[in-house]
There are 4 protein chains.
Amino acid sequence: MSMNSFGHLFRVTTWGESHGPALGATVDGCPPNVPLDASMLQVWLDKRRPGQNENTTQRQEADAVKILSGVFEGKTTGTPIQLMIENTDQRSKDYGDIAKTFRPGHADITYHLKYGNRDYRGGGRSSARETAARVAAGGVARAALQALAPKVQIIGYMVQMGVRHIDRSRFDWDEIARNDFWVPDAQTAVEWKAYLRELRKSQNSVGAAVEVVARGLPAGLGAPVYGKLDTDLAAAMMSINAVKGVEIGEGMAAAALTGTDNADEITMGPDGPVFSSNHAGGILGGISTGQDVVVRFAVKPTSSILTPRKSITTEGHPIEVITKGRHDPCVGIRAVPVGEAMMACVVLDHLLLHRGLIGENQGKIG
Amino acid sequence: MSMNSFGHLFRVTTWGESHGPALGATVDGCPPNVPLDASMLQVWLDKRRPGQNENTTQRQEADAVKILSGVFEGKTTGTPIQLMIENTDQRSKDYGDIAKTFRPGHADITYHLKYGNRDYRGGGRSSARETAARVAAGGVARAALQALAPKVQIIGYMVQMGVRHIDRSRFDWDEIARNDFWVPDAQTAVEWKAYLRELRKSQNSVGAAVEVVARGLPAGLGAPVYGKLDTDLAAAMMSINAVKGVEIGEGMAAAALTGTDNADEITMGPDGPVFSSNHAGGILGGISTGQDVVVRFAVKPTSSILTPRKSITTEGHPIEVITKGRHDPCVGIRAVPVGEAMMACVVLDHLLLHRGLIGENQGKIG
Amino acid sequence: MSMNSFGHLFRVTTWGESHGPALGATVDGCPPNVPLDASMLQVWLDKRRPGQNENTTQRQEADAVKILSGVFEGKTTGTPIQLMIENTDQRSKDYGDIAKTFRPGHADITYHLKYGNRDYRGGGRSSARETAARVAAGGVARAALQALAPKVQIIGYMVQMGVRHIDRSRFDWDEIARNDFWVPDAQTAVEWKAYLRELRKSQNSVGAAVEVVARGLPAGLGAPVYGKLDTDLAAAMMSINAVKGVEIGEGMAAAALTGTDNADEITMGPDGPVFSSNHAGGILGGISTGQDVVVRFAVKPTSSILTPRKSITTEGHPIEVITKGRHDPCVGIRAVPVGEAMMACVVLDHLLLHRGLIGENQGKIG
Amino acid sequence: MSMNSFGHLFRVTTWGESHGPALGATVDGCPPNVPLDASMLQVWLDKRRPGQNENTTQRQEADAVKILSGVFEGKTTGTPIQLMIENTDQRSKDYGDIAKTFRPGHADITYHLKYGNRDYRGGGRSSARETAARVAAGGVARAALQALAPKVQIIGYMVQMGVRHIDRSRFDWDEIARNDFWVPDAQTAVEWKAYLRELRKSQNSVGAAVEVVARGLPAGLGAPVYGKLDTDLAAAMMSINAVKGVEIGEGMAAAALTGTDNADEITMGPDGPVFSSNHAGGILGGISTGQDVVVRFAVKPTSSILTPRKSITTEGHPIEVITKGRHDPCVGIRAVPVGEAMMACVVLDHLLLHRGLIGENQGKIG
C-alpha cells in the first residue's frame with residue numbers, strides 16, 4: 001500500500017527528488033535468470049534524457065543508472081533490483097525564488113498544504129525527473145519481457161502537440177525513432193519543430209498526447225472487475241506527471257459511437273480469431289484479446305513558464321510568478337519513453353499474474 | 001492483491017454473477033459508529049435499478065440490499081460489512097444461445113480464452129449487473145463521508161449521449177435529479193429521449209460520457225507519484241464496465257492548451273487560496289487543491305444489439321450474432337450512479353489515508 | 001490492505017459476527033476449472049462444527065455452507081467465490097450480561113476501547129465462530145490443491161492439552177481421525193477425555209498446542225526476506241483466535257541447540273536431496289526444502305469460564321465476572337481444522353506465487 | 001505484494017546482498033516533519049554492527065548509512081526515504097568454496113533450487129547482513145514514534161543463549177545496555193561470555209531467544225482477524241533470518257495454562273483499567289490493551305560452522321562441509337536490535353492505521 005509503488009507481482013517503488021543526491025527505483029518481483037546489465041537500461045534513459053536538443057530542457061544530466069542489487073554475473077537473481085541515478089547538474093539556486101511562492105498549475109501549493117515541508121529545489125519529488133526512475137524500471141521490465149515473451153513489442157509516439165495532430169495516413173513505424181518528437185511521420189516532425197520554436201519564443205509551453213502500443217501480447221492477460229488490464233494501464237498512465245486523461249482504443253470517442261459501429265467483428269483465421277477492427281484497443285472485459293493494446297494519454301503544458309501569472313506567496317500575499325530555470329516547453333515529448341516504461345511494467349506484471357493465477361489460457365477456439 | 005477489490009484503507013471486494021443466487025460487496029475499513037441501515041443504501045441502488053423507464057433494460061430487479069454483518073444497533077462497528085443483493089428475475093433461457101458464441105465487442109471471447117469456463121448466463125461476472133454491488137458499497141462510503149466530512153457532495157450527470165452533448169450554458173444542478181438521463185439541462189433531456197427512441201428502433205445502442213464532481217473536498221487529499229488521487233480515480237472509473245476513457249479536469253483537451261491558458265491563477269480569499277479557473281480538475285501533483293474534483297469518463301455502446309454482427313462460435317465456425325434478451329440501449333445512463341459510487345469510495349479512502357499518514361494538513365497559507 | 005483479508009494471489013476475506021444473520025468468506029484468486037461444490041467444503045466444516053461431543057461447546061449449528069458465486073456447473077470460474085454460513089442457533093440472551101462487562105483475558109475490553117461499539121452477542125466479530133469462514137475457505141484451497149498439486153496432504157493434530165503431551169513414540173497418522181481430540185495416539189485420547197471432564201467439572205478451561213503438517217510440498221515455495229513461507233505461516237496461525245505462539249520445526253527449542261545438532265545433513269537420493277532430519281521444519285531461508293512443512297501453535301484457554309474473575313464494567317465499576325453461555329472447555333480441539341485450513345490457504349497461495357514469479361524451479365541438483 | 005516489503009501504511013522494502021556494492025531500505029509512509037538525520041539512524045546500526053567484540057563475526061563494516069531522499073533541511077518530507085549502506089569489507093574469496101556446495105541448515109540449497117542463480121558471496125540475499133537495512137528503517141520508525149507518541153519505548157534483550165536462561169529475579173532494565181549480550185542481568189553476562197567462548201573453541205554455534213517489549217503503547221492499536229497487532233508482530237519477527245518461533249505474552253506456555261490462571265484480572269485505576277498480570281502480552285483479540293506488548297522469538301544456531309557436516313554439491317556429489325569465513329557464533333546477540341527495529345516498524349504502522357481508520361479511541365471506560 002505504498003503510495004510510491006505500482007504493480008502487483010512485478011512491483012516498482014520509486015524514490016528521490018530532483019535535486020537530492022540521487023533518485024531511483026526499487027524493483028521487486030523480476031523473475032530470475034533474465035540477462036541484465038546497466039547498459040540495457042541506459043538505452044531507455046538516454047531516450048528520456050534532457051538536454052539532447054532544443055525541444056527539451058537544457059539541464060544536463062548524464063542519467064547514468066547503477067544497479068546496486070539483484071543482479072549477479074549478468075543475470076537477475078529474483079531478489080530486489082535497486083536502480084540508482086545520481087543527480088549531477090543541480091543548479092538549486094535557479095529555484096530559490098519558488099521556495100515561498102506557488103506556480104499556478106503546479107503541485108507547489110498542494111505539497112505545501114499537505115506536508116508543510118517540501119523540497120522546493122527543482123520541484124523536489126513532484127519534478128518530472130522522477131520519471132527517470134520509471135524509465136529505468138521499465139528497462140528491467142523490457143528485459144524480462146524479452147526473456148519471457150519475446151514477441152511483445154512496446155512502442156510509443158506522439159500523436160498531438162498543442163493543436164497539431166499527426167496525419168495517420170502517413171503513419172510509418174520506422175520513422176518514430178528518427179526524429180526529435182517520436183512522431184510516426186517525418187513531415188509532422190518538421191512542422192512541429194517550427195511550431196514549438198514559436199511557442200518557446202513566446203515564453204509559453206504546450207500540451208501533448210502520446211500513444212503507446214503493445215504488440216504481440218497474448219490473449220488472456222488481465223482479470224475482471226478491478227484487476228483489469230485497462231484499469232492498471234489507466235492508473236499507470238495517469239500516475240505520470242502532468243497527465244490529465246487516459247484512453248483505451250477509441251477512448252473518449254467511444255461516447256459518440258453506436259453499437260454497430262463499435263463492434264469489432266470476429267472471423268476465424270489460421271492462428272485463431274481475427275478482428276475486423278480494434279475499437280476496443282485490444283482489451284475486452286479487462287482482458288487482452290491478442291490484438292494490439294492501444295493506450296493514449298494527454299499531458300498538460302508545463303506550468304513553469306516565463307510569462308507572468310498571478311499567484312500568492314506562502315504568506316498569502318499576491319505575486320506575479322515567472323518561472324526561470326530550465327524547463328521543457330513541451331513535457332509531452334519526453335513522456336514518450338515514460339509511457340512506454342509504464343506499459344512495459346504493466347504488461348510484465350499481468351503476464352506474471354496470469355501465469356500465477358491461471359497457468360496458461362484454459363479455453364480454446366476451434 | 002485481490003483482482004476484485006479496490007481501495008487502500010476503505011477496501012471493497014465485489015462478488016457475484018448476473019444470474020447466480022446473489023451478488024454483493026464485502027466492505028472493509030469503514031470507520032465505526034457511522035449510522036447505517038439498508039434503506040440508506042437502497043436509495044442509491046434504486047437510482048441504478050433497471051426497468052424504471054423505457055430508456056433502460058426491462059429486466060425487473062428489486063435490487064434489495066441486505067446488510068449481513070458489520071452493523072449493530074444502527075451503527076457500523078468497524079468490522080467488515082457484507083452487502084448482499086439477491087438475484088430474482090433471472091430469465092436464463094434468454095442467454096442460452098450465447099453459451100457457444102461470442103458477441104463482437106463483448107468480454108465473452110476473452111473470458112472464454114482465459115478461463116475456459118464462463119457463466120454465460122446474462123454475461124455472468126462480466127455483466128454490468130456487478131455494478132449494483134459497487135453502488136451499494138458507494139452508499140456505505142457516502143454514509144461515512146456524511147459522518148466524517150459532511151461538506152462533501154458527490155454528484156454525477158451525463159454530458160454526452162452519442163453525438164449529442166449537453167449545453168453547459170444551461171447547466172442547472174437542480175435539474176439533474178428531475179429527468180431520466182441525469183442531465184443538468186431540461187431541454188437536453190427531452191431531445192435525448194427522442195434520439196434514444198430512434199436508436200432503439202433501429203436496433204442499435206449508443207455510447208455516452210458521464211461527469212462526476214466531488215464538491216467540498218478539503219485540500220491535501222492524495223499523495224505523489226502513485227498514490228495520487230487522480231491515479232486512483234482513473235483506475236476506479238476505468239474499472240467500470242464498458243468505460244474506455246477517463247479525464248480529470250481538462251482531460252484529453254489539455255493536450256491542445258498552452259501553459260498560459262492552462263494556469264489556474266491563484267489569489268488569496270478570506271478562507272484561503274482562490275483559483276481563477278479549474279483546468280486542473282481540482283488536483284495538482286496528485287493532491288486535491290480544495291476546488292471541485294472533476295472526473296469524466298466515456299462509456300462505449302452496449303455490444304448486445306439486435307443488429308446482426310459477424311462472429312465465430314467456440315468451435316471456430318462463422319456465425320451472425322444477434323443478441324436478444326433485455327439490454328440497455330445506452331448503458332451510460334445507469335453508469336451515473338456507478339461513477340458516483342466509485343468517486344465516494346475513492347474520496348473516503350483518501351480521507352482515511354490522509355488522516356492516517358498525515359493527521360491533518362501540515363502547511364498553512366497566510 | 002484489508003484488515004480482514006489474508007493471502008497474496010489466493011486471497012480470503014472473512015466477514016460476519018457470531019450472532020448476526022450470517023458469516024462467511026470472500027475467496028478471490030482461486031484458479032478456474034477446479035471441481036467444487038458445497039459438499040466438498042461441508043466435510044471440513046463438519047470437522048470444526050460445535051456440539052458434536054461433550055468436549056466442545058453445546059451450541060448447535062448446522063454450519064451449512066452455501067456457495068453464492070464463482071462456481072458454475074460444478075467448477076470454479078476464476079471469479080470470486082462467496083461462501084455464506086447462516087447463523088441459526090443464536091441464543092443472544094445468554095450474552096446480554098456481557099454487554100457492559102469485560103471478561104478478563106477476552107477481547108471485550110479492547111474492542112470497546114477501540115471501536116466504542118461492539119456487537120457483544122456471542123463475542124460478535126471476536127468470536128471463534130469466525131473461524132468457520134476460514135475452514136470453508138480452506139476447503140476451497142484444498143480443492144484447488146487437489147487439482148494443481150495432488151501429492152500435497154495437510155494434516156493437523158493436537159500435541160498438547162494443558163499439561164498433557166502426546167507420546168510421539170506412539171505416533172499413528174491413521175489414529176488422528178478416529179478420536180475426538182485429533183490426537184495421533186489412541187491411549188492419549190482416552191486419558192485426555194478424563195482430564196478434560198475434570199477441568200470442565202471444576203468450571204475451568206485449558207490451553208492446547210496443535211501441530212499442522214504439509215506433506216508432499218515441492219521445494220522452492222516461498223521467497224526471501226518478507227514473502228517467506230514461514231512468515232506467512234506465522235501470520236496465518238497467529239491470526240487464529242486465542243493463538244499466542246507459533247513455531248516452525250524446532251521452534252522455540254531451536255534456541256537451545258548448537259549448530260552441529262541443528263544441521264539437517266544432506267545426502268543425494270534417487271529423486272533428489274535427502275535430509276537426515278528436519279529441525280528446519282521443511283523451510284530454509286523462507287523457502288520450502290521439499291520435506292514436510294511442520295508448524296505448531298499454542299492456543300490459550302478460553303477466557304469464558306464459570307469461575308468468577310475480577311473485572312470492571314464499562315462504567316469502571318468493579319464486578320466479578322462469571323461467563324455462562326455455551327463455551328468450549330478447550331478451544332484448541334476445534335482449532336485443529338482451523339490450522340489445517342490456514343495451512344491449505346498459505347500453501348496454495350505460495351504455489352500460485354511461485355508459478356507466477358518463477359514458473360518452475362530453475363535450479364537442478366545432479 | 002512485494003516479497004521484500006513489510007508494513008501497511010509505514011512500508012519498508014529492503015534490498016541488497018551481502019557482497020554487492022550496497023544494501024538498504026526504501027521507507028515509504030513516514031509522516032512529514034519528523035526531525036531526522038543519518039546520525040539518528042547510525043546509533044541503532046552501531047548497536048547491530050559486527051566486529052565489536054569477540055562474541056560476533058570479525059567482519060569489519062562501518063555500516064554507515066546515507067539518506068538519499070525524503071529528508072529536507074533536517075525533517076522528513078512525507079516522500080520515500082531511501083537508506084543506503086555501502087558494503088566495504090567484502091572478502092569474497094572466503095566464500096568461493098560455497099558456490100557449489102550447500103551448507104546444511106542454510107538457505108543455500110533452497111535458493112539454488114528455486115532461482116537457479118544465487119549470489120553465493122557471503123550468502124548474498126540470505127545473509128543476515130540484510131538486517132542492517134531493517135535496523136536503519138527501524139531508526140526511522142523510532143524517530144517518527146518520538147514525534148507522534150513520545151511515551152513509547154522499545155527495548156529488546158536476550159533471555160536465552162543455548163541452554164542458559166536469564167534469571168528474571170535479577171531483571172534490571174538499566175543493565176541491558178551495559179553488556180555485550182544485551183541481557184538484563186550482569187551476572188548472566190559474565191557467565192554467557194565464558195559459555196560462548198567454550199562453544200567457539202569447539203567450533204560450534206548456538207541458538208538464542210530474544211524478548212522485545214514495547215512500553216507506553218496506547219490501547220486500541222491493531223484490528224481483529226487478520227490485521228491483528230500480534231499477527232503483524234509474528235510475521236515481522238518470523239521474517240528475521242534464522243528465527244524459528246514467535247511468542248506473544250505467555251506464548252507456547254499458554255498451552256499448559258487453565259482459564260483461571262490465564263485471566264489477567266482487571267481493576268479500575270486512576271488513569272483507566274489496570275491489569276493484575278500480563279499473560280496476554282498486552283494484546284487481546286489482536287488489539288493492544290495499553291499494557292506492555294511483549295514478544296519473544298527464537299533464533300536458531302548459525303549453520304556456518306567449522307565442524308564438518310555431510311552435504312552434497314550442486315552436481316549431487318557427497319561432500320563434507322566446513323564453513324570458514326567470519327561468522328557469528330550466536331547470531332541471536334545481534335538479533336536484539338533487529339527485533340527492536342521490527343517492533344518499532346510494526347508499532348508505528350499500527351499507530352498510523354489506527355489514526356486513519358478510527359481517528360482516536362471511540363470507547364471510554366468510566
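Where do I start with the overall build of chain A in this structure?
When its secondary structure is counted, chain A shows seven helices and 18 strands. Taking 21 Å as the expected radius of gyration for a compact globule of 366 residues, we find that chain A reaches 21 Å, a close match to that expectation. In terms of overall dimensions, chain A has C-alpha extents of about 70 × 50 × 35 Å along its principal axes. For chain A, buried positions account for 70% of its 366 residues. Long-range contacts, defined as pairs at least 24 residues apart, comprise 69% of the intrachain contacts of chain A with a sequence gap of at least 6. Of the charged side chains in chain A, 39 are positive and 39 negative, and the gap between their average positions amounts to 6 Å.

It is not clear to me how the relation of the copies chain D and chain B should be interpreted in this structure. Could you clarify?
Relating one copy of the chain to the other requires a rotation about an axis plus a shift along that axis. Superposition record for chain D on chain B: RMSD 0.0 Å, screw rotation 180 degrees, translation along axis 0.0 Å. The relationship between the two copies is best expressed as a two-fold rotation axis. Among all residues of chain D, the minimum C-alpha distance to the rotation axis is found for glycine 356 of chain D, at 1.7 Å. Taken together, the interface assignments show that 100% of the residues at the interface of chain D recur at the interface of chain B, consistent with an identical surface on both copies.

Even after reading the chapter, I still don't get unusual backbone geometry, so can you show me in this structure?
Negative phi is the rule for most residues except glycine; trans is the rule for most peptide bonds. Its identity as a non-glycine residue notwithstanding, aspartate 63 of chain B has a phi of 50 degrees, on the positive side. Mapped onto the fold, aspartate 63 of chain B is located in the loop between α1 (38-48) and β4 (65-67). On the accessibility criterion, aspartate 63 of chain B (0% relative accessible area) is buried. Positive phi, normally seen in glycine, also occurs at tryptophan 182 of chain D, with a value near 50 degrees. Mapped onto the elements of the fold, tryptophan 182 of chain D is located in the loop between β9 (164-165) and α4 (186-201).

Help me out: how do you make sense of the pairing of strand β10 (residues 208-215) of chain B in this one?
Every other side chain in a regular strand lies on the same face of the sheet, so the side chains alternate between the two faces. Residue and element names in this part refer to chain B. Of all eight residues that make up β10, seven are buried, and the element is covered over most of its length. Strand direction decides the pairing type here: strand β8 (residues 153-161) and β10, joined by eight bridges, are antiparallel. If you follow isoleucine 154 over to β10, its bridge partner there is alanine 214. Both β10 and strand β16 (residues 293-299) contribute to a ladder of seven bridges, which runs antiparallel. Note on β16: the bridge partner recorded for valine 213 is valine 294.

Teacher, can you tell me more about the pairing of strand β17 (residues 309-312) of chain D here?
Residue and element names in this part refer to chain D. When β17 meets strand β18 (residues 318-321), the two strands line up antiparallel, connected through four bridges. Note on β18: the bridge partner recorded for arginine 309 is valine 321. The loop that links β17 with its antiparallel partner β18 comprises five residues; one of these, glycine 316, has a positive phi angle of about 90 degrees.

What should I look at first to understand the pattern of salt bridges in this one?
Opposite charge on two side chains allows them to pair when their charged atoms are near. All names here are of chain C. Applying the stated criterion across every chain yields a total of 76 salt bridges over all chains. Its salt-bridge partner being glutamate 175, residue arginine 178 comes within 2.8 Å of it at the nearest N-O pair. Taking the relative accessible area as the measure of exposure, arginine 178 reaches 56% and is therefore exposed. Exposure remark for glutamate 175: the relative accessible area of 8% places this residue in the buried category.

Reading the values: rules and limits
- Residues numbered from 1 in each chain as written.
- Chains lettered and ligands numbered in written order.
- Predicted model: local features only at pLDDT ≥ 70, side-chain atom pairs only at ≥ 80, totals over all residues.
- Heavy atoms only, no water.
- Helix = DSSP H or I, 4+ residues; strand = E, 2+ residues; numbered from the N terminus.
- Rg over C-alpha atoms; globule rule 2.2 N^0.38 Å.
- Buried < 20%, exposed > 50% of the residue type's maximum accessible area, 1.4 Å probe, protein only.
- Contact = heavy atoms within 4.5 Å.
- Lys, Arg positive; Asp, Glu negative; His and termini not counted.
- Charge placed at Lys NZ, Arg CZ, Asp CG, Glu CD.
- Least-squares fit on C-alpha atoms with pLDDT ≥ 70 in both.
- Pairing = 2+ DSSP bridges.
- Salt bridge = Lys/Arg side-chain N within 4 Å of Asp/Glu carboxyl O.

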